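Chain and residue survey
Residues per chain are reported as follows:
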Amino acid sequence: MGFLKRRLPLLLCVGTGIVFFLQYYVPHPLSQRLLSEASTWVAIVGAFAVLLGLASVLKTHVGRLASVRAGWGYSLVLLMAMAGMTVLGTSCRFQDADPVSGRVTGLGWAYTYVLSPLNATVFATLGFYVASAAVRTFRLKSLEAGLLMATALILVFGRVPLAEALWSRLTTHYDPRQAASIPHSLNSVTEWIVGVPTLAAQRGILFGVALGSLVTALKVILGLDRPYLGMGDKGKD
Amino acid sequence: MGRRRIFLLLALVMWLPMVHPFRFPGLSVTSSVQALHDRIENLPSGANILVSFDFNPGTKAELEPQARAILRHAFKRRLTVLVLGLWPDGWGMTQRIVRDCAATAKLPVKEGRDFILLGSQLGDLNVSLGLGQDIAAVFPRDARGIPLADIPPLRHIRTLKDMHLIVSLGAGEPGPVTWVMFAGDRYRIPMAAGTTSGNVSALQPYVQGGQLLGLVSGMKGAAEYEMLTKEDGSATRGMDSLTLGAFLLIGLVLLANVNDWRKGRS
Amino acid sequence: MTLPWEQFLGGWVAAGLTLCIFSFLYEDNPFYKIAEHLYVGASLGYLLVQALFQTLIPRWWEPLVQDPHHWELLVPAGLGILLFCRLSPRTAWLGRWPIALLMGYTAGVTVPYLVASQVFQQVQGTIQPLVRMKPEQGLSVVDLSTAGLWADFSALLLLVGVVTVLAHFFFTVERKGPVKAASRLGMLFLMVGFGASYGLAVQGRFALLYDRFVDLKEFGMPSYRHASVVLAGLLVGCLVVLRLRRRA
């Protein structure tokens, strides 16, 4: 049983990892065919994983509803929304509009007037918090804090059209017909800040993340890291 | 100043231009937007471009104007546009945007001839990898349910290698970085991206490294593209609100610092 | 102008849901919670339908049942079904097989692309502005860039910035002497980077806000019978009542 529970998953992971690592370097048509088939299989397994995730959410919220725990009303709303969207989507086969008449389907209506505004507003609310956080935390307390604040304000200022016009008026005689060709414009300043010191910081972070991801992937391929073995039987064989 | 007062001030200041448009002057085009525009402008009629809508309604404020500007330009240049999406909850919006652009295009644009809506798939890197081998294996049918083999332009377009340009519009994963890694760099296909303002710095390494030939950033980038294509789109109209919001923020931050300094002195 | 009934109703629903989410700016309240759960439920339902109609049916079911039958597709289906064994503690260990395969596949496929795109290309991008090759001289001669003083300074600053930022995250060497100085310089570059990212993000978030205001303005028009205004008034009224009841 130990073989099936621990050794076999390890062999599957290491084997698949090595095969697909080497696949990149093998230009033979069979290798390309292998990648094509594998990507289809992974997509199918991924779709089943989505169903598993949904089943898990259903289990949680149906449980809360059945035992009438705190927040059961909200769970009911969630389940009704999920059921409603599923029924609408299935009845029109995931078409937003009728292919012949062009009339909006139930799914199209629910997407446009329920899902889309909710999605957009949840993220838009952050705009208020971003502004409030900036006002409350940007202070000239140290060199680092000052640099952070100065750069943020320069970028906020530098990416709005009126600022470009004001800057041009301050630095040179402003002629709207020549706006795009004025040298050393505010655009150049912000492009330089984003394209040099910010790029340096981002590239350093990118290297770190890439090397970390590389090491993690290699550890998984070599079987040194086995996160999948922590699942089931509370880690026991 | 209390948090709620800041919220109210911000809302009022951003609402004002919607009631009374100011049309502030001074918008100028950045080099990375110009680069993408020039690339599309110089593609021959009938060239194939893939536009990947890697966003959902949460970021449509910045990415939808970019998508519209780029699509309108592509339709004007008579390019064959393939459209797909990698974010599950963005597909409804994608179809609406593309069909709306087609319906309002100056020249007649027909689905199945000038543009093909392939569909939306979960699986990020897997989708790019699969498309690099065989587009029909990833999307057996288009959004109307028609098999790809029955769509005339797709008889000569089999894999990503048949694309003259890939444009990824997105702000996270999967998105432009996924396309750069698994399509642009792998198959040496020219790539460009559109992204939100917040994600611009994360994509700078790819722009500077030559992996992205152009980058449209945020609503300002969309407004720049509209300026280049001589259109008065939603991004241009939105810059007024962004301008006033920016000045309010700068004013409040400076005021708060002056206040702190005065308290420190006394 | 008379709108179609579904558009009219949709306007009221969208305005109401938008205002419910915005009500969180005042304080957490039942209207926000209902809208939030509605969002989660609708998203999950949409995801389910998409998984069915965009992946499972066209890429698995149809090739399996239509002629010619692709019987090999029973294998990924079997692996997918094994995933469901995770729902029961007794059979959860069966879920290790498909997950191990997925992890091995993703790790194996990702490594060469990471090395090519995120390491080699980025190193090249850092060094290239400083160095020029001159193949027209018959052999490759490495020469410092002659693009101009400012371009050279920027390229040098970029190299210094990348190296010092990496030094800042190198925790296995004691921070003293040159390492400490490099780490501090790296920190300054990081502050500039984060400040720029924040400044850019602010504009992004303001754009998202603007978009919602545009929709609320549209739904406040006479064609929608001033839905935004009416619903905003109702919502404010309800929140006031809730607050008064809590105080009492």
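A brief report on the enclosed structure follows. (Residues numbered from 1 in each chain as written. Chains lettered and ligands numbered in written order. Predicted model: local features only at pLDDT ≥ 70, side-chain atom pairs only at ≥ 80, totals over all residues.)

Further remarks concern the overall build of chain A. Summing up its helical and strand segments, chain A has eight helices and zero strands in all. Reading chain A from its N end, one meets helices and strands in the order α-α-α-α-α-α-α-α. Seen through its C-alpha atoms, chain A measures out along the principal axes to roughly 80 × 50 × 50 Å. Within the span of chain A, comprising 237 residues, buried residues form 43% of the whole. Across chain A, contacts joining residues at least 24 apart in sequence account for 35% of those joining residues at least 6 apart. (Helix = DSSP H or I, 4+ residues; strand = E, 2+ residues; numbered from the N terminus. Buried ≥ 20, exposed ≤ 12 C-beta atoms within 10 Å, placed from the backbone. Contact = placed C-beta atoms within 7 Å.)

The next thing to look at is the overall build of chain C. In terms of regular secondary structure, chain C is built from seven helices and two strands. Along chain C, from the amino end to the carboxyl end, the secondary structure elements read α-α-α-α-β-β-α-α-α. Expected size for 248 residues packed as a compact globule is a radius of gyration near 18 Å; at 29 Å, chain C overshoots this value by more than 25%. In terms of overall dimensions, chain C has C-alpha extents of about 75 × 55 × 45 Å along its principal axes. (Rg over C-alpha atoms; globule rule 2.2 N^0.38 Å.)

Glancing now at the interface of chain A and chain B. On the chain B side, the residues contacting the 52 residues of chain A number 49 residues. Only helix H2 (29-66), helix H4 (106-137), helix H5 (143-158), helix H6 (161-171), helix H7 (186-195) and helix H8 (197-221) of chain A provide two or more residues apiece to the side of chain A that touches chain B. Tallying contributions element by element places H4 of chain A first for the side of chain A that touches chain B, with 13 residues. Of the residues contributing to the side of chain A that touches chain B, the split by class is 31 nonpolar, 15 polar and six charged. (Nonpolar A, V, L, I, M, F, W, Y, C, P; charged D, E, K, R; others polar.)

On to the interface of chain A and chain C, then. Each side of the interface is counted separately: chain A has 107 residues, and chain C has 102 residues. Elements supplying a minimum of two residues to the side of chain A that touches chain C: helix H1 (2-23), H2, helix H3 (72-91), H4, H5, H7 and H8 of chain A. Top contributing element to the side of chain A that touches chain C by residue count: H4 of chain A, with 22 residues. For the side of chain A that touches chain C, the residue count by class is 81 nonpolar, 20 polar and six charged.

Residue and element names in this part refer to chain B. Following the sequence through the fold, Ser32 ends up in helix H2 (residues 31-42). Here Ser32 falls in the buried class, since 25 other C-beta atoms lie within 10 Å of it. Between the alpha carbons of Ser32 and Gln95 there is a distance of 27 Å; along the sequence they are 63 residues apart. Excluding residues within four positions of it along the chain, Ser32 makes contact with Val207, Gly214 and Leu215.

Between Glu173 of chain B and the following residue, Pro174 of chain B, the backbone shows a cis peptide bond with an omega angle of -5°. Structurally, Pro174 of chain B can be placed in the loop between strand E4 (165-170) and helix H7 (176-187). For Phe94 of chain A, which is not glycine, the phi torsion reads 60° and is therefore positive. Owing to 23 C-beta atoms within 10 Å, Phe94 of chain A belongs among the buried residues under this scheme. We note that Lys230 of chain B has phi near 55°; this positive angle belongs to a residue other than glycine. With respect to the helices, strands and loops of the structure, Lys230 of chain B is situated in the loop between helix H9 (218-228) and helix H10 (234-265).

Moving on, we get to the sheet that holds strand E2 (residues 80-85) of chain B. Residues and elements named next belong to chain B. Spatially, the six strands line up as an open sheet ordered E3-E2-E1-E4-E5-E6, and their pairing is parallel. Single-partner strands in this sheet number two, and they are strand E3 (115-120) and strand E6 (214-217). With strand direction ignored, the average angle separating the axes of adjacent strands in the sheet is 15°. By the bridge criterion, six bridges tie strand E1 (residues 48-54) to E2 in an arrangement that is parallel. Within E2, the residue paired with Phe53 across the bridge is Gly85. Contacts between H2 and the sheet are confined to E4, strand E5 (191-195) and E6, with E6 contributing the most and set at about 120° to the helix. (Pairing = 2+ DSSP bridges. Axes fitted to C-alpha atoms, helices over the stretch in contact; angles between N-to-C directions.)

Any link to function would need more than the numbers given here.
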